[in-house]
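Secondary and tertiary structure notes
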Amino acid sequence: MLFNSLSYAFFLPVVALLYASAPRGARWALLLAASYAFYATWNASYLLLLLASTALDYTVARQLARTRSAPARRALLGLSIAGNLGMLFTFKYWGFAAMALGQLGVRVPRLDVLLPVGISFYTFQTLGYAIDVYRGARPERHAGWFALYVAFFPQLVAGPIERAGRLLPQLRRAPDLEWARVCSGLELVLWGLFKKVVIADRLALYVDAVYGNPGLQSPGSALLATYAFAIQIWCDFAGYTDIARGSARIFGVELMENFRAPYFARGVQDFWRRWHVSLSTWLRDYLYIPLGGSRQGAARTARNLMLTMLLGGLWHGASWTFVVWGGLHGVFLVAARASAPLRERLWAASGLPDALRAGLARLVTFHLVCLAWVFFRAETLADATALLGSLAGPWRAPAVDASVFAHALLGLALLIPVEIARERGSDVRARLAALPLPLRWASWYALIFAVVLLGVDGGSQFIYFQF
Amino acid sequence: MTTRSLLRSAVFLAALIALDQGLGAGLGSLLARARSGQGAGLVQRALQARDAGILVFGSSRAQRHVDPAALERGLGLSAHNAGCPGQALAYARMLEALVLARGSRARLFVLQIDPKHLFVDRSARASVFAPFYGESAAVDQILAADRFAALKLQSRSYRFNSLALGLLRAVALPGAEADGNGFTPHRGRMGRAAAGAAPDAFAPPRTADGRYPFLPRMRQMLRDFVADARARGIDVFVFLGPRYRGAARTPNWELAARAELGRVVASAGGAYAPVDEIAQPELRQPALYFNRSHLNEQGAAVLSALLVREIRTAFPQLAGN
């Protein structure tokens, strides 16, 4: 069941009404049943994997809390890591590994299995929980609450990857539905839907056409598709996250913010503080820092950054394109660290004003990120290089479907000022809430009719659902 | 949640429904003025021309290939080309249903068909007919393919989804096609790169006994197109247009489809003829093409003349009117 489908438009209010009428003690069961039903609409048999991951980490965490012996605790943590990553490897990476080994002459049998939706998200979430308990956090004793923490439907299939310490206490509170919160949640859902169907899905029409024939594009088309994809993936994933956060807010749960105006970043490191924050902080806390972080000299830091980004790339998908995407970000981060003193000296010597410096930094960062997106979007490395090769050809203007860009630009004309205001620290939602009721309603109606009239109908999948 | 909150929600929803109806009505009046643009403007233009003696239906390979002036000269009936780029059989079927629902004095419907369109359902592309929801049972049936589609179409503004900007443009800046006869030929000749481009690799599923069955929905749509027109005394001529294939052979599935098309059209009471590069060797000359799928202006003139000849053969009573 997609967030941008009519099925979800029925599902969400029905669950909210049932939640409101259920006794407080039974609300977890209702939300859990709804979450499993939500997941089962994709593939009911894969519920078993979700249950297996839940059972494994619930049991491991409970055992960890009872076990004092360090080797036994390590073994328990190892069991969780092996179980979660084993599941992820089998269903997500087996085919890729078999293909890579096949190219080296090693024959490995292929598994014809569908990728379980959300597996990368919920395995990382439960794995993070087991690591937290290993590090001393208190485990959840109630199996039902823990199962709900893993399966809570607004964030089950594409995050945000929540920490137990944040999400479980909110779920346990099970507050009554509150009118203002429901309105605020619906407002966020609507805003996310706007980003997804008006901007992301519209630009996807152009991007898909260009990436369908990457070697036949004019430089203008290749460049435009590169920028368009940067906007598309942001609006797609940020739109999904807004719908997830809005849906959760209805039930009194505040999911973490996953995006903070990422294309305003002044460096690649800054970009990762703003893009898919729940993943970047997960990778930082459970991979980069345990590897040694930046505490052991420049060379080790560079190695840790590269490893983290390569694995972060591979987390997105079993393909060399994602490995290159992660690798490029790793190179950018390492190069940024290494060149920081030189850049500081150059800036100081140039005497350019800070505003210009910030603008240039944003521009360069955006283009570095765009370059990496080419590998993220392309089906194969050959497609990515073909598209980049198209950029180098003699200049020809892009072949443009005016209707696609007219719709998307209209959407961006609303989105960009909102993002600029947020970047400057203005709470747009609070300002909207302070408006008189008729104006507030007028803004909602405008957004609803923008989605209805300008959105792409057809319920296309969110990009991050495939991870 | 208080009674006040619930009351407020009810008012919000009531106002939303009223706004939806008002916005839909406003866009409907824009639609009535649109005469150009693929966002329903071409449909409106075709409906306006529904009393022409001959109406041509099809995709860009109708719009760019069939010259109504040639049909008028050859058959003595007024003609309008209602072909629309990117569209397929569902578009033709819905347009025909609207034309018939509004009443037409046409004598002949000419339908250009691409064999591929009988194996792939492209009905979703024909959402330009959503503003006409409720005018014809055939249109409603194709648009409301599932229960959610039927529900969404209850919203009057939703019927203009992705069409509103195009309508505004068509009304503010009408295209050249607003007053023409619908024929928009390609000018220029096919370059060497286009001539050498790889042919479409599409191949429909094949049954164990070597047949290539049409999609049942598409077969029915084609039958309904012919049968509905015949029921109102309008003759129907279905034809296959040419493609530039160079040295490539026509795929087996296309050869099978050529024959099967004839059987389906004849069973519903229509006439059928392939007017393609296989049946008409003069259509193999590269100089007649703009690209591998489309003739240029010169090619369109050749094809239109051939069409006149085929129609006169199929319907001798039409000639000389």
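Because the structure is predicted, anything quoted here is derived from the model rather than measured.

1. Topic: the confidence of the model for chain B
Model confidence for chain B is summarised by a mean pLDDT of 89, while 98% of its residues fall at 70 or above. For this predicted complex, the interface score ipTM comes out at 0.83, alongside a pTM of 0.87.

2. Observations concerning the sheet that holds strand β4 (residues 235-240) of chain B
All names here are of chain B. Pairing is parallel across the open sheet formed by five strands, whose spatial order is β2-β1-β3-β4-β5. Of all strands in the sheet, those with a lone pairing partner are β2 (79-81) and β5 (271-274), marking the two edges. If you compare each strand with its neighbour and ignore which way they point, the axes differ by 15° on average. In this structure, strand β1 (residues 54-57) lies alongside strand β3 (residues 108-113), joined through four bridges in parallel fashion. Opposite Phe-57, over in β3, you have Leu-111 as the bridge partner. Running over the sheet, helix α4 (residues 68-75) touches β1 and β2 and is turned about 155° from β2. In this fold helix α12 (residues 297-314) packs onto β3, β4 and β5, with an angle of close to 135° to the strand it touches most, β4.

3. What about helix α5 (residues 89-102) of chain B?
All names here are of chain B. If you check α5, its first and last C-alpha atoms are 20 Å apart, about what 14 residues at 1.5 Å a residue would give, namely 20 Å. A large share of α5 lies buried, amounting to 12 of its 14 residues. Listed as buried for α5 are Leu-89, Ala-90, Tyr-91, Ala-92, Arg-93, Met-94, Leu-95, Glu-96, Ala-97, Leu-98, Val-99 and Leu-100. The elements touched by buried residues of α5 are α2 (41-48), β1, β3, α6 (137-143) and α10 (216-231). In the stretch just after α5, Gly-103 is the one whose phi turns positive, near 90°.

4. A few points about the pairing of β4 of chain B
Side-chain direction in a regular strand flips from residue to residue, so the side chains alternate between the two faces of the sheet. All names here are of chain B. A large share of β4 lies buried, amounting to six of its six residues. Of the two faces of β4, the one lined by Asp-235, Phe-237 and Phe-239 and the one lined by Val-236, Val-238 and Leu-240 are each fully buried. The sheet contact formed by β3 and β4 spans six bridges and is parallel. What sits directly across from Ile-113, in β4, is Leu-240. Pairing geometry for β4 and β5, over four bridges, is parallel. Paired with Phe-239 across the two strands is Ala-273, which belongs to β5. For the segment spanning β4, helix α11 (residues 252-267) and β5, crossover handedness is right-handed.

What counts, and at which threshold
- Note that residues are indexed from 1 along each chain, following the sequence as it is written.
- Labels follow written order: the first chain is A, the first ligand is 1, and so on.
- Where local features are concerned, this predicted model is filtered to residues with pLDDT of at least 70; where side-chain atom pairs are given and counted, the filter is 80 or more; whole-chain, interface and lining totals use all residues.
- Working from all heavy atoms in the structure, the side-chain values ignore hydrogens and water.
- Confidence per residue, as judged by the predictor, is encoded in pLDDT with a range of 0 to 100.
- Pairing between strands is defined by DSSP: at least two bridges between them are needed.
- Only DSSP runs of H or I reaching four residues or more are called helices, and only runs of E reaching two or more are called strands; each is numbered from the N terminus.
- Axis angles are defined between N-to-C directions and span 0 to 180 degrees, where every axis is a line fitted to C-alpha atoms and, for a helix, only to the segment in contact.
- Contacts are residue-level and defined by heavy atoms, with any inter-residue pair within 4.5 Å sufficient.
- The span one expects for a helix is its residue count, reduced by one, times 1.5 Å.
- The rule is simple: take the accessible area with a 1.4 Å probe, protein chains only, and divide by the maximum for that residue type; under 20% is buried, over 50% is exposed, in between is partly exposed.
- When the strands point away from the viewer and the connection leading from the first strand across the helix to the second strand turns clockwise, the crossover is called right-handed.

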